[in-house]
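# What the coordinates show
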Amino acid sequence: MKIAFFVQHLICGGVENSLLSLVKVLKERDCDITVYVIDKRGEFIEKLPDGVDLKEIEIPKKIKKYLPVGGTKIGIRNRIKDKKFIQALGILLKHFKSKNEFAELDFDFSKLKPIEEEYDIAVNYHMHSPFLVRYLSEKVTANKKYTWIHNDFTTTGYHIKALEEYLACNHGFFAVSDQLKDEFLNLFPEYASVTSIARNIIDVVKIRAEAEKFYPTEYQGEACAGIKLLTCGRLEYQKGYDIAIEVCKKLKDEKLNFRWYVLGKGTEYKSIKKKIKKYGLEQYFILLGVRLNPYPYFRNCDIYVQTSRHEGCAITIDEAKALCKPIVCTDVAGAREQLRDGALGEIAEIDTDSIYENLMRLMLDERKQNEFSECLNRQGEQWEYPFLSIFEKNDKI
């Protein structure tokens, strides 16, 4: 089976992590896999399984220079970070001149060469990339085409209806949570018969083995003797770190003994650092950067916290569940399914007060923490993935 996956890049993120897990399973089934990226960058490149071919989509230099992968805001910030100030200015100017709703499609698409290689299956693994939605439709040849839905449409404001003409090439759509499926079918009821659920693949055995490899040095010492909170995710507005810092300040004001550790990097790093300093939280809200093995941090924290403004189905929640950690999560897409409406963790509204109240209550209730952990350990999540059948011969969605 010859399969091509298309994703924006391989940075340390949930979509990319999910893709790695899927590719690993398919590689073990002797599939011939190629992963195409818009930008060949990211920490996860080195985590691709042996034998998986990684290719960068061929884009003319003049186009790529001003192509804002992930949208105008992220495109500009990435250029500034790389000290490509002229390119950043060029993207900004194009944004103001553009009449196209999607900055990623604001160029002559006919100048892109189609991929010569033909595939049994081609997958756009991220519907929220307008570039990949159109690219799969017009530049890729495959017997079957599928698209994965990893994020919601309501809170993100992603106008997928404007890309409707490019969706017709797909033989099926896969959403990572029930809520995402419902949102998609509310927009496109005509695809009801070919839209299914594809839960993120969680390699529980691997996660638990990796979690045992070391005890984080950052967790050691008298200064770290209190409750250890952990959040893992890119430092972006979506993840709600500005809200988390407000919550952290309220917890500090209550004189609670804790440290809140954060794994990840991103374009909001400077603004987050500035807010940490403003509130005097340097010893309380601690940015650790990226760790290619984050699981010892999960295993040895006391409570896992997710303060996102939106998600599709946060893979970090499933990872925390695999390690039986008490969880506080905002009420984003997938959260109620993952935490069984609060039976497996606390679900807060997406605001400072609600997160603070739920988190503080759990921090002060060791019995409740133990109940959540024991419940996760007892119930043993059934990790089944029927969607994998599409990657077999004579597949049916």
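Residues numbered from 1 in each chain as written. Predicted model: local features only at pLDDT ≥ 70, side-chain atom pairs only at ≥ 80, totals over all residues. Heavy atoms only, no water.

## Focus on a nonpolar patch on the surface
How we decide: Like-charged residues are merged into a patch within 9 Å and nonpolar side chains (Val, Leu, Ile, Met, Phe, Trp, Tyr) within 5 Å, provided each residue has over 30% relative accessible area and no salt bridge. Per-residue accessibility takes into account occlusion by the displayed protein chains alone, with areas from the Shrake-Rupley method and a 1.4 Å probe. By definition, a salt bridge exists where a carboxyl oxygen of Asp or Glu is found within 4 Å of a side-chain nitrogen of Lys or Arg. Put simply, DSSP marks the helices as runs of H or I at least four residues long and the strands as runs of E at least two long, and each gets a number from the N terminus on. Type-normalised accessible area, obtained with a 1.4 Å probe on protein chains alone, sets the label of each residue: buried when under 20%, exposed when over 50%, and partly exposed for intermediate values.
A contiguous nonpolar surface patch, about 250 Å² in accessible area, is contributed by Leu89, Leu92 and Leu93. Here leucine 93 is to be found in helix 4 (residues 85-97). In this structure leucine 93 comes out as partly exposed when scored by relative accessible area, which is 46%.

## Section: the sheet that holds strand 9 (residues 258-263)
Keep this limit in mind: At least two DSSP bridges between two strands are needed for those strands to be called paired. Here an angle of 0 to 180 degrees is reported between the N-to-C directions of two axes, which are lines fitted to C-alpha atoms, with helices fitted over the stretch in contact.
Here six strands make up an open sheet; going across it, the order is 10-9-8-11-12-13 and the pairing parallel. The two strands at the open ends of the sheet, each matched to only one other strand, are strand 10 (285-289) and strand 13 (346-348). Averaged over neighbouring strand pairs, the angle between their axes works out to 25° when direction is ignored.

## A short note on the packing of helix 9 (residues 241-253) against helix 14 (residues 352-363)
Using the following cut-off: In these notes the angle categories are as follows: under 35 degrees is roughly parallel, over 145 is roughly antiparallel, 65 to 115 is roughly perpendicular, and the rest is oblique. In this scheme the crossing of two helices becomes right-handed for a clockwise turn of the near helix relative to the far one and left-handed for an anticlockwise turn of less than a right angle. Contacts: residue pairs with any heavy atoms within 4.5 Å of one another. For this classification, the nonpolar set comprises Ala, Val, Leu, Ile, Met, Phe, Trp, Tyr, Cys and Pro, the charged set comprises Asp, Glu, Lys and Arg, and every other residue, Gly included, is treated as polar.
Packing of helix 9 against helix 14 brings their axes to within 9 Å, and their N-to-C directions diverge by 50°. One finds that helix 9 runs oblique with respect to helix 14. In the packing of helix 9 onto helix 14, the handedness of the crossing is right-handed. For the pair helix 9 and helix 14, the contacting residues are Ile243, Glu246, Val247, Lys250 and Leu251 in the first and Thr352, Asp353, Ile355, Tyr356, Leu359, Met360 and Met363 in the second. In terms of residue class, the contact of helix 9 with helix 14 is built from eight nonpolar, one polar and three charged.

## Comments concerning the pairing of strand 9
Spelled out, the test is: When the strands point away from the viewer and the connection leading from the first strand across the helix to the second strand turns clockwise, the crossover is called right-handed.
In terms of burial, strand 9 is largely enclosed, as six of its six residues are buried. Judged by which residues are buried, strand 9 turns out to be covered on both faces: Phe258, Trp260 and Val262 on one side and Arg259, Tyr261 and Leu263 on the other are all buried. In this sheet, strand 9 lies alongside strand 8 (residues 227-232) in parallel orientation, the contact comprising six bridges. Across the sheet, cysteine 232 pairs through a bridge with leucine 263, a residue of strand 9. At this point the chain moves from strand 8, through helix 9, to the parallel strand 9, and the crossover so formed is right-handed. What joins strand 9 to strand 10 is helix 10 (residues 269-278), and the crossover it makes is right-handed.

## Observations concerning the packing of aromatic side chains
How we decide: Only the six-membered ring of Trp is used, alongside the rings of Phe and Tyr, when aromatic pairs are assigned; centres must lie within 6.5 Å, and planes under 30 degrees apart are stacked while those over 60 apart are edge-to-face, with the rest tilted. A ring has a charge above it when a Lys NZ or an Arg CZ is no more than 6 Å from the ring centre and no more than 35 degrees off the ring normal.
Applying the stated criterion across every chain yields a total of 32 aromatic pairs. Residues phenylalanine 174 and phenylalanine 387 carry aromatic rings whose centres are separated by 6.2 Å and whose planes lie at 55° to one another, so their mutual orientation is tilted. Here the residue phenylalanine 174 occupies a position in strand 6 (residues 172-175), and phenylalanine 387 occupies one in the segment after helix 15 (366-379), the gap between them amounting to 213 residues. Assessed through its relative accessible area of 6%, phenylalanine 387 is described here as buried. Both rings, one in tyrosine 385 and one in phenylalanine 387, keep their centres 6.2 Å apart while their planes meet at 80°; by these two values the pair is edge-to-face. Taking the relative accessible area as the measure of exposure, tyrosine 385 reaches 16% and is therefore buried. Through successive ring pairs, a cluster of aromatic residues spans Phe5, Tyr125, Tyr146, Trp148, Phe174, Tyr385, Phe387 and Phe391. Seen from the ring of tyrosine 279, lysine 249 lies directly overhead, with NZ or CZ sitting 5.6 Å from the centre. Lying over the aromatic face of tyrosine 356, lysine 250 brings its terminal NZ or CZ to 4.8 Å of the ring centre.

All we've got here are geometric facts, nothing functional implied.
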